[in-house]
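# Architecture at a glance
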Amino acid sequence: MLPDLDAAYVDTRADALGFALGLPPVDALATLSATRGPLRVELRLLGASHQVIAGPISETVACLPGLSGPLPGEVSRTVGEWSYDFTSDTREHDQAGFEAAVESLRRRLAGRTDALTGTFPGSPYAVTAIAVEAGLGWRTWHAYPQTLEIVETRTRLEATG
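## A word on the overall build of the protein
If you tally the helices and strands in the protein, you get one helix and eleven strands. Computed over its C-alpha atoms, the radius of gyration of the protein comes to 15 Å, within 12% of the 15 Å expected for a compact globule of 161 residues. Considered along the principal axes of its C-alpha atoms, the protein spans approximately 45 × 35 × 25 Å. Looking at the protein as a whole, 51% of its 161 residues are labelled buried. Sequence-distant contacts, at least 24 apart, represent 58% of the contacts inside the protein between residues at least 6 apart.

As structure tokens, this is what we get:
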């Protein structure tokens, strides 16, 4: 799903993104649900970035009051009967490389029923995307045309019980 989002985005640079587990649902600009194994996974695009709710897990990566950046490189936790592993990586690009990377991402996710890609007003490269991965996991991308940065996160869940 590729919605044009009718709202200015709040997060404008990679190092401002904060991370939280366990937040309640935040108002979303677009949502998409998918089922993976025993879990319903809800992908949520926020004006402030993203939130994913998967069973007992709520992951928020966003510029919200009370969340401060930068993102952690890795987080591993046990949540209920689930092992949760999160990684993030920020890549800087030149203008041409940035535009090519965002276009490549759009092409890879286009037509997928388990991916949500939103474009914010002001730039065709102001993109946030979330895709469910095989097994129990998801990846996200946050593109910042102002700084030519792309933040990629990857999350994996594994049942412990």
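## Let's talk about the pattern of salt bridges
Under the definition given, this model contains ten salt bridges. Close ionic contact of Arg 44 with Glu 42 constitutes a salt bridge, the shortest N to O distance being 3.3 Å. Assessed through its relative accessible area of 9%, Arg 44 is described here as buried. Here Arg 156 makes a salt bridge to Glu 133, at a shortest N to O gap of 3.7 Å. Separated by 23 residues along the polypeptide, Arg 156 in strand 11 (residues 149–159) and Glu 133 in strand 9 (residues 127–133) bring together distant segments of the chain. Take Arg 156: its relative accessible area is 32%, and that puts it in the partly exposed class. One network of salt bridges, with partners in common, ties together Asp 89, Arg 91, Glu 133, Arg 139, Glu 152, Arg 154 and Arg 156.

## Considerations on the sheet that holds strand 3 (residues 39–46)
Across the sheet, five strands lie side by side as 1-5-4-3-2; this open sheet has antiparallel pairing. Edge strands, defined here as strands with exactly one partner in the open sheet, are strand 1 (18–21) and strand 2 (30–36). Direction aside, the axes of adjacent strands within the sheet are offset by 10° on average. Sheet analysis places strand 2 next to strand 3, joined by seven bridges and oriented antiparallel. Residue Ala 34 lies in a different strand from strand 3, and its bridge partner there is Val 41.

## Describing the side chain of His 50
Residue placement: His 50 occurs in strand 4 (residues 49–54). Its relative accessible area of 0% is what places His 50 among the buried residues. Of note is the side chain of His 50, whose polar atom sits 3.1 Å from the side chain of His 142. Setting aside its immediate chain neighbours within four residues, His 50 contacts Arg 44, Glu 59, Thr 60, Val 61, Thr 128, Ile 130, Thr 140, His 142 and Thr 153.

## Quick word on the environment of Ser 88
If you trace the backbone, Ser 88 turns up in strand 7 (residues 82–92). Under the relative-accessibility criterion, Ser 88 is labelled buried at 18%. Taking the C-alpha atoms as reference, Ser 88 lies 6.5 Å from Arg 154; in sequence the two are 66 residues apart. In this structure, Ser 88 is in contact with Leu 71, Pro 72, Gly 73, Glu 152 and Thr 153, ignoring residues within four places of it in sequence. Within the local environment of Ser 88, its side chain forms a polar contact with the backbone oxygen of Pro 72, the two atoms lying 2.6 Å apart.

How each quantity is defined
Residues numbered from 1 in each chain as written. Predicted model: local features only at pLDDT ≥ 70, side-chain atom pairs only at ≥ 80, totals over all residues. Heavy atoms only, no water. Helix = DSSP H or I, 4+ residues; strand = E, 2+ residues; numbered from the N terminus. Rg over C-alpha atoms; globule rule 2.2 N^0.38 Å. Buried < 20%, exposed > 50% of the residue type's maximum accessible area, 1.4 Å probe, protein only. Contact = heavy atoms within 4.5 Å. Salt bridge = Lys/Arg side-chain N within 4 Å of Asp/Glu carboxyl O. Pairing = 2+ DSSP bridges. Axes fitted to C-alpha atoms, helices over the stretch in contact; angles between N-to-C directions. Polar contact = N/O pair within 3.5 Å; in protein donor to acceptor, adjacent residues only side chain to side chain.

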